[in-house]
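# Analysis of the macromolecular model
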Amino acid sequence: MAERAAAFRAAAPVPPRPPAHEPLAPPDAAGLTALQLLRAHGSGPRGLTEDEAARRLARYGENALPARRRVTRRRRLLRSLRDPFTTVLLCLGVLSAVVAAWGTATVILSLVLVSCVLRVSGEHRADRSVALLRALLPTTATVVRRAEDAAESRTREVPVGEVVPGDVVRLGPGDLVPADVRLLRATGLSVHQQALTGESAPVPKHAVQEPGESPPGPFAPPHLCFQGSSVAYGSATALVTATGAATRFAAAHRAGDRRRFTAFDRSVHGISWTLIRFMLLTPPLVLVAGAALHGRGLETLPFAVAVAVGLTPEMLPVVVTTALARGAARLAREHRVIVTRLPALHDLGSVDVLCLDKTGTLTQDRPVVTGALDAEGRDDPEVLRWAAANAWWTLHLADLPVPDALDEAVLEAAQEMADGPEGVAALPFDPVRRLSTAVLRTPGRLGRDTLVVKGAVEQVLDRCVLDAEERARLLDLAAAEAAAGSRLLAVAVAERPARHGEWSHADERGLTFRGLVTFGDALAPTAADALAELAGRGVGVKILTGDHPGTAAQVCRALGLDPGRVLTADEADRLTDAELGPAARRTAVFARCGPEHKARIVTALRATGHTVGFLGDGVNDLPALHAADVGLCPRESVDAVRECADVVLAEKDLAAVDRAITAGRHSGGNIGTYLRITLSSNLGNVFAMLATALLLPFLPMLPAQVLVQNLCFDAAQLAFAYERPSRAVLRRPTRLRPRGFLRFITGFGLINAAADVATFGVLALTTHGAHASQEAFHAGWFTENLLTQALVMIVLRGGRHAAEGRTAGPVHRAALGLAVIGVLLPLSPLGPPLAMGTLPPLYYVLLATVLALYAAVLVVARDRYGRAADAG
Ligand SMILES: Nc1ncnc2c1ncn2[C@@H]1O[C@H](COP(=O)(O)OP(=O)(O)OP(=O)(O)O)[C@@H](O)[C@H]1O
Ligand SMILES: [Mg+2]
């Protein structure tokens, strides 16, 4: 179809585009009835003809979903200029220009330019590859269309991009609302509007004949649904009023795109601001010290600025996008895991708590009926027949596209449905109430209808006429079945006078308990191993299920996971947010969770400092997927879930999650190592330069030299995006804790500065003669700086276990290159223009000694730090 549309667009004489995707009529066309609105859109209840739809597609353009819209290069460039480091660099550049230090200003501005260009093109490339991966996950909409005017209308799936204004669409649970629509008909419809309004609870929507006053807010009208939302439960038929860039969500987003603040952003943010404070402090410090000790004036400013510039990790964004994009590409290629939002890959590496739903993850989600029991616990096939009648009629009367797994199992087990009673009304299952109800017309009993309710045991018993003792006995009966690992449905019935009006939830009262249907669901074959594997990697697994606590606990036990004390949603409801955090940390299994509970538990865990991943596949998992740092789902999930998840797995398999986490740690580990090494060396250089600036009668390095050295460092550091990290990095969540991180960089920065100062001594010893010594000093220091940097890259690259049988990788090669440049550049023809002189051979001999000592100290410090980190 996509090809056909493309061909159409290419072949047809395209009519002039209307200005800026104007909708045919305003979305709610205030006061128009549904029929009038259909007419205003040149459509009808039978939908558009295929030809008309194709014409409109050419006219209005593709209906791109919010998450799939491209960011333009200009927007990206502006965003990268807003980056705090870039801003500080630009300020320093301007400052240099103000004091007419043209050399420094030019170098700084070129540095900004190079890093922005690299970043923008890197992000652009990364985005393109994510878009290509996303294209593997097509989302569709169900449209009602006709082949030609006179033909019967047909319902068919089309890619969401081909939906046009005037289309009539069908919506069911888990569907994305493909565009802005006006409801024509709706049954029990509730939509998730979280992406639009931030509100996580589903919002009820219904069709109205003539829209009256709506509550305030662009997304509030109850008869309209909007692109960017999805169906939580119920079903509807609706008219498309606006697509693509003309939708309300697109309009709201143009103002300023909300981006999720990820775990990675949070830690980088903290570190960045500490560095920036330091950068802002450096120039005044250098100026004041220069003036006080050597009576220097503003001429020190370019040097002071260069020192501050020396602190910036200019290549950070480039290393980050490259490392992540490579990781995502590899995951897709080797494991068919698709990362739909790149930063999520980094967060996946730092996930230390993984929340799962039970069905389909720990079990196979192929339930089979194992029994039907009456209230005494005796076999009673009648109970199954009631359950099946409920399943059959809710499926048909509520217009649901497919039965859920439990309903399917019930229908499979109770075959002869044909001559059963006829259904007249249905209130379909919803995961908050955990009930479904069908109203049946009892044959031979005119004027009487039978209400059949099935659902979770507690919810059904709450609606039955029972004394406390009987209720407790029935709960025990259910608990005993659940303790064997069975899933359960309770069934209750009631006879009521027939009626013409609507049935509502209020009618589910005064019921008679009929019995239980029990289900078995085999364990997923890979689950036990994957759980053990995850635990070994430092990931705590928590089960968040809507099921019975007994069933959930038994499934965990069967997989070798100690369930401990199960926390039910009712108990969680009684805890404040502050109490829930610690309780959630202690608990492994949460039962009877509704969609909101799942989200609240995830939020509470995040608030206690965990990075939380959530794996789920149902609409009832949507709020939690939103709330988590990383949302994961299997490929067969409903569209709404897939569109919201950050990581889409080829299948719902815990082993795949484990592989994805490893890939996240791979990329995240490289980024962390890059930051540690770069910032500690940068900081060390700054310390040393400040110290020597105080001692020396001349500048320890000229601004141009500082910047050239910076450029060499940056280029070498790109290698970290391509490195294969050590196994030690993959063994625990990669996490940048700002505190520990700052301690690391100051510690290693000081060691680095000590080596520099030692070199200073060596230089004093080996070079003599006033003028000659200045140039030689610069050369000597340049060489030493690059060599120590190369050494640090090799020694600190893999942490304490770096030696574990590894071959030389890209970082080794880059370090080698850096060392060669460090030694040869001052000796090359580039030396004199950069004001670097030649050095006596003795210098090299003594420098080698300094470097050997430095390496030894580094190794000792690294191992101590590694042991402390392992213990912490
Ligand atoms: N089709 C249905 N009709 C009536 N009740 C149902 C139906 N499906 C589920 N339930 C009830 O709702 C409860 C919760 O549903 P379910 O187990 O699917 O929740 P969940 O949160 O998706 O769990 P999981 O973690 O297993 O995926 C079930 O234990 C069952 O009692
Ligand atoms: Mg589920």
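Residues numbered from 1 in each chain as written. Chains lettered and ligands numbered in written order. Predicted model: local features only at pLDDT ≥ 70, side-chain atom pairs only at ≥ 80, totals over all residues. Heavy atoms only, no water.

With that out of the way, let us pick up the site of ligand 1. In the neighbourhood of ligand 1, 22 residues make up the surrounding shell, with Lys-358, Thr-359, Asp-404, Arg-487 and Gly-546 lying closest. Contact distances for ligand 1 include 2.2 Å between an oxygen atom and a side-chain N or O atom of Thr-359. One of the side-chain N or O atoms of Asn-620 is found 2.9 Å from an oxygen atom in ligand 1. In the complex, 92% of the free accessible area of ligand 1, which totals 610 Å², lies under the protein chains. Going through the elements one at a time, α14 (405-413), β14 (448-455) and β15 (487-497) are the ones with two or more residues in the shell around ligand 1. The element best represented in the shell around ligand 1 is β15, accounting for 3 residues. Along the lines of polarity and charge, the residues of the shell around ligand 1 split into 6 nonpolar, 6 polar and 10 charged. (Near = heavy atom within 4 Å. Polar contact = N/O pair within 3.5 Å; in protein donor to acceptor, adjacent residues only side chain to side chain. Areas by Shrake-Rupley, 256 points an atom, 1.4 Å probe, with all protein chains shown as cover. Helix = DSSP H or I, 4+ residues; strand = E, 2+ residues; numbered from the N terminus. Nonpolar A, V, L, I, M, F, W, Y, C, P; charged D, E, K, R; others polar.)

Here, the residues flagged by UniProt with the feature "transmembrane region" (unreviewed entry) are residues 85-118, 275-295, 741-765, 777-799, 811-830 and 842-861. Between the C-alpha atoms that bound residues 741-765 there is a distance of 36 Å. The span itself is 100% helix and 0% strand. The span residues 811-830 carries 70% helix and 0% strand; its end-to-end C-alpha distance comes to 25 Å. (UniProt positions renumbered as here; feature names shortened; annotations may be inferred.)

This paragraph deals with the sheet that holds strand β11 (residues 368-373). Strand order in the open sheet formed by 6 strands is β11-β16-β15-β14-β13-β12, with antiparallel pairing between adjacent strands. Whereas interior strands pair on both sides, the edge strands pair on one side only; in this sheet they are β11 and β12 (422-430). Each strand axis lies, on average, 20 degrees off the axis of its neighbour in the sheet, ignoring direction. Strand direction decides the pairing type here: β15 and strand β16 (residues 512-520), joined by 7 bridges, are antiparallel. (Pairing = 2+ DSSP bridges. Axes fitted to C-alpha atoms, helices over the stretch in contact; angles between N-to-C directions.)

Okay, a positive patch on the surface next. Where like charges cluster on the molecular surface, the positive patch consists of Arg-70, Arg-73, Arg-125 and Arg-128. Along the chain, Arg-125 falls in helix α6 (residues 102-134). (Patch = residues over 30% accessible without salt bridge, like charges linked within 9 Å, V, L, I, M, F, W, Y side chains within 5 Å. Salt bridge = Lys/Arg side-chain N within 4 Å of Asp/Glu carboxyl O. Lys, Arg positive; Asp, Glu negative; His and termini not counted. Charge placed at Lys NZ, Arg CZ, Asp CG, Glu CD.)

A complete count under the given rule lists 9 aromatic pairs for this structure. Ring geometry for Phe-278 against Phe-687: centres 6.4 Å apart, planes inclined by 75 degrees, an arrangement best described as edge-to-face. Separated by 409 residues along the polypeptide, Phe-278 in helix α9 (residues 263-294) and Phe-687 in helix α24 (residues 654-695) bring together distant segments of the chain. An angle of 75 degrees between the planes, with centres 5.4 Å apart, marks the rings of Tyr-843 and Tyr-844 as edge-to-face. (Phe/Tyr/Trp six-rings, centres within 6.5 Å; stacked < 30°, edge-to-face > 60°.)

The subject of this paragraph is the environment of Gly-327. With respect to the helices and strands, the residue Gly-327 is situated in helix α11 (residues 316-335). Judged by relative accessible area, which is 1%, Gly-327 ranks as buried. Between the C-alpha atoms of Gly-327 and Leu-615, which are 288 residues apart in sequence, the distance is 20 Å. Leaving out residues up to four positions away in the same chain, Gly-327 has contacts with Leu-345 and Ser-667. (Buried < 20%, exposed > 50% of the residue type's maximum accessible area, 1.4 Å probe, protein only. Contact = heavy atoms within 4.5 Å.)

Applying the stated rule across the entire model yields 38 salt bridges. With its nearest N and O atoms 3.1 Å apart, the salt bridge here joins Arg-862 to Asp-863. Assessed through its relative accessible area of 15%, Arg-862 is described here as buried. Where salt bridges share partners, they join Glu-50, Arg-145, Arg-156 and Asp-167 into one cluster.

With that out of the way, let us pick up the sheet that holds strand β17 (residues 540-544). Strand pairs in the sheet, formed through backbone hydrogen bonds, run parallel or antiparallel to each other. Taken together, the 8 strands give an open sheet; going across it, the order is β9-β22-β21-β20-β10-β17-β19-β18, and neighbouring strands pair in mixed fashion. The open sheet has two free edges, formed respectively by β9 (338-339) and β18 (567-568), since each of these has just one partner strand. Bridging between β9 and strand β22 (residues 647-649) involves 2 bridges; their strand directions are antiparallel. Across the sheet, Ile-338 pairs through a bridge with Val-648, a residue of β22. Contacts from helix α12 (residues 343-350) reach β9, β21 (630-634) and β22, with the element oriented near 95 degrees to β21.

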